[in-house]
Amino acid sequence: MIYKQFSEKLLITCVTFFALNAFALDSGPADLKITNLPKLTSDAGRVETKDLIQPDRILILDNAQLKGIKDFQTFLKTQGPRTGGGGNSCALSIHQNTEKLVSLILEMPKLLSEGQREALLYKISVAKFYLSESLSLDGQLKDAINYPDANEIFVSSKLCGLDLLEVQSRAMAILLHEYLGLARIDDRQYQISGAFLQNYAAFNARGYTFTSDNSYYVQTGQCIQSVLQIHQIGNNLIVSSSANPGARILALTREQVDAFKALDEREWGPEKKVKIADKAAGVEYVFSSETCSGTKCDFLTIQNEKGKLKRFKNSIHGLAVIGCKR
């Protein structure tokens, strides 16, 4: 009888403990013991988190190890075959979308309070991404789940193969929603990530465009056909080549955006230039609008500390021929 009463009391105690644990609110970012991490203001919207059993996972990205595309390539090599081709491509897309997302957040001062923004940027800098075949929360299938205490975000293979495949507004909004979860900033009704999508339209207008033949020979003597494509979209410069996967995304200042506008609108008169430094790659892009035999010609000079590397001409009306022989 005594054993039975003891067992019943123990059962009630355990049930009560887990019930309280399930419904208790987290103490929030104010309790984080991190040097110089700002406390969120009352409008941060602290959200409830639960101690969930984490699914099977494969680490595909650790933002804390990355400072640029070179670090990203090194990270993939250290992970070895565990990431796989799908994991690598998903990690690259997350990395690129995050870079652009951060630059846009800084250009949207009304999207978040200063405390929220600083806490969010910190969480972005330490986030780890894991790929999982199946994710569920409260019995419902999910495309992504975040764990604030561990700074971990789990993404499904489906999400990687669809919405996160390219650098685009929807991918950034999805990542923003998960990053906000890490920072314990309330976005349960998508009120912040939804506002981001609306604000994105103001930055999405494509401005200056540069296209040129970038074909080159490899050591075997084979000609690799390649097109250099550069687009200024809002406060970002997206540099890509058809011969290489991925793209470089460079954040622009307001002054540089205005300079690109002047460059695009120039038809005649004094030469105009825009200089963009790519510190991670160790080069500088110099765009110029010049007069060639009475007409407008646009050029791009890529140079490093030792001087000019290559000079391209903008094929404004399309490329007639693509190849190593021009």
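Note that this is a predicted model, so its numbers are computed, not measured.

This paragraph deals with the pattern of salt bridges. Under the criterion given, the structure shown has 7 salt bridges. The partner of Arg-170 in a salt bridge is Asp-163, and the shortest N-O contact between them spans 2.8 Å. A relative accessible area of 47% means that Arg-170 is categorised as partly exposed. Ionic pairing is found between Asp-278 and Arg-248, a salt bridge with its closest N-O pair at 2.7 Å. Of this pair, Asp-278 sits in strand β13 (residues 272-278) while Arg-248 sits in strand β12 (residues 244-251), placing them 30 residues apart in sequence.

Moving on to the sheet that holds β13. Pairing in this open sheet of 4 strands is antiparallel, and the strands run β13-β14-β15-β16 from one edge to the other. Strands at the two margins of the open sheet, each flanked by one partner only, are β13 and β16 (307-313). Pairs of neighbouring strands in the sheet enclose a mean axial angle of 20 degrees, with direction left out of account. Examined bridge by bridge, strand β14 (residues 283-292) and strand β15 (residues 295-304) share 9 bridges and lie antiparallel to one another. Directly across from Tyr-285, in β15, lies its bridge partner Ile-302. Across the sheet, helix α8 (residues 254-265) touches β13, β14 and β15, and the angle it forms with β13 is around 140 degrees.

So, about the pairing of strand β5 (residues 144-147). On any regular strand, side chains alternate: one points to one face of the sheet, the next to the other face. Relative to strand β6 (residues 152-156), β5 runs antiparallel, the two being bridged by 4 bridges. Looking at the pairing, Tyr-147 lines up with Glu-152 of β6. Between β5 and β6, which follow one another and run antiparallel, lie 4 residues, and Asn-151 among them has a positive phi close to 55 degrees.

Attention now goes to unusual backbone geometry. Here the phi dihedral of Asn-151 falls at roughly 55 degrees; this positive angle occurs in a residue that is not glycine. With respect to the helices, strands and loops of the structure, Asn-151 is situated in the loop between β5 and β6. In the Ramachandran plot, Tyr-190 falls in the positive-phi region, its phi being about 60 degrees despite a non-glycine side chain. When you line up the elements, Tyr-190 lands in the loop between α6 (169-182) and α7 (191-203).

Within the protein chain, residue pLDDT values average 76, and 73% of them lie at 70 or more. Predicted confidence is poor over residues 68-73, with pLDDT under 50, and the contacts of this stretch with residues over four places away or in other chains come to 13 contacts. Low pLDDT (under 50) marks residues 80-85, which in the prediction has 6 contacts with non-local residues, meaning those over four places away or in another chain.

So, about the state of the cysteines. Per the stated rule, a full pass over the model turns up 2 disulfides. One disulfide bridge connects Cys-223 with Cys-324, the sulfur atoms lying 2.1 Å from each other. The chirality of the disulfide connecting Cys-223 with Cys-324 is right-handed, given an S-S dihedral of about 100 degrees. Taken as a pair, Cys-223 in strand β9 (residues 223-224) and Cys-324 in the segment after β16 lie far apart in primary sequence, 101 residues in all. Take Cys-223: its relative accessible area is 27%, and that puts it in the partly exposed class.

It is the contact of helix α4 (residues 114-126) with α6, at a shortest axis distance of 9 Å, that shows an interaxial angle of 100 degrees. When the interaxial angle is binned, α4 and α6 end up roughly perpendicular. Residues Leu-120, Lys-123 and Ile-124 of α4 lie in contact with α6, whose contacting residues are Leu-176, Tyr-179, Leu-180 and Leu-182. When the residues that make up the contact of α4 with α6 are grouped by side-chain class, the tally is 6 nonpolar, no polar and 1 charged.

This part is about the packing of aromatic side chains. Aromatic ring pairs are reported here in terms of the distance separating the ring centres and the angle at which the planes meet. Summed over the entire model, instances satisfying the criterion amount to 7 aromatic pairs. Here the aromatic rings of Tyr-208 and Phe-260 are separated by 5.4 Å at their centres, their planes lie at 35 degrees, and the arrangement is tilted. Of this pair, Tyr-208 sits in strand β7 (residues 206-213) while Phe-260 sits in helix α8; the two residues are 52 residues apart in sequence, bridging distant segments of the chain. Per residue, the accessibility class of Tyr-208 equals that of Phe-260, and both read buried. Taking the centre distance of 5.3 Å and the plane angle of 65 degrees together, the rings of Phe-260 and Phe-287 count as edge-to-face. Taken as a pair, Phe-260 in helix α8 and Phe-287 in strand β14 lie far apart in primary sequence, 27 residues in all. With respect to class, Phe-260 is no different from Phe-287; both count as buried. Taken together, the ring pairs in this structure connect Tyr-208, Phe-210, Phe-260 and Phe-287 into an aromatic cluster.

The rules we used
Residues numbered from 1 in each chain as written. Predicted model: local features only at pLDDT ≥ 70, side-chain atom pairs only at ≥ 80, totals over all residues. Heavy atoms only, no water. Salt bridge = Lys/Arg side-chain N within 4 Å of Asp/Glu carboxyl O. Buried < 20%, exposed > 50% of the residue type's maximum accessible area, 1.4 Å probe, protein only. Helix = DSSP H or I, 4+ residues; strand = E, 2+ residues; numbered from the N terminus. Pairing = 2+ DSSP bridges. Axes fitted to C-alpha atoms, helices over the stretch in contact; angles between N-to-C directions. Contact = heavy atoms within 4.5 Å. pLDDT = per-residue confidence, 0-100. Disulfide = S-S within 2.5 Å. Parallel < 35°, antiparallel > 145°, perpendicular 65-115°, else oblique. Nonpolar A, V, L, I, M, F, W, Y, C, P; charged D, E, K, R; others polar. Phe/Tyr/Trp six-rings, centres within 6.5 Å; stacked < 30°, edge-to-face > 60°.

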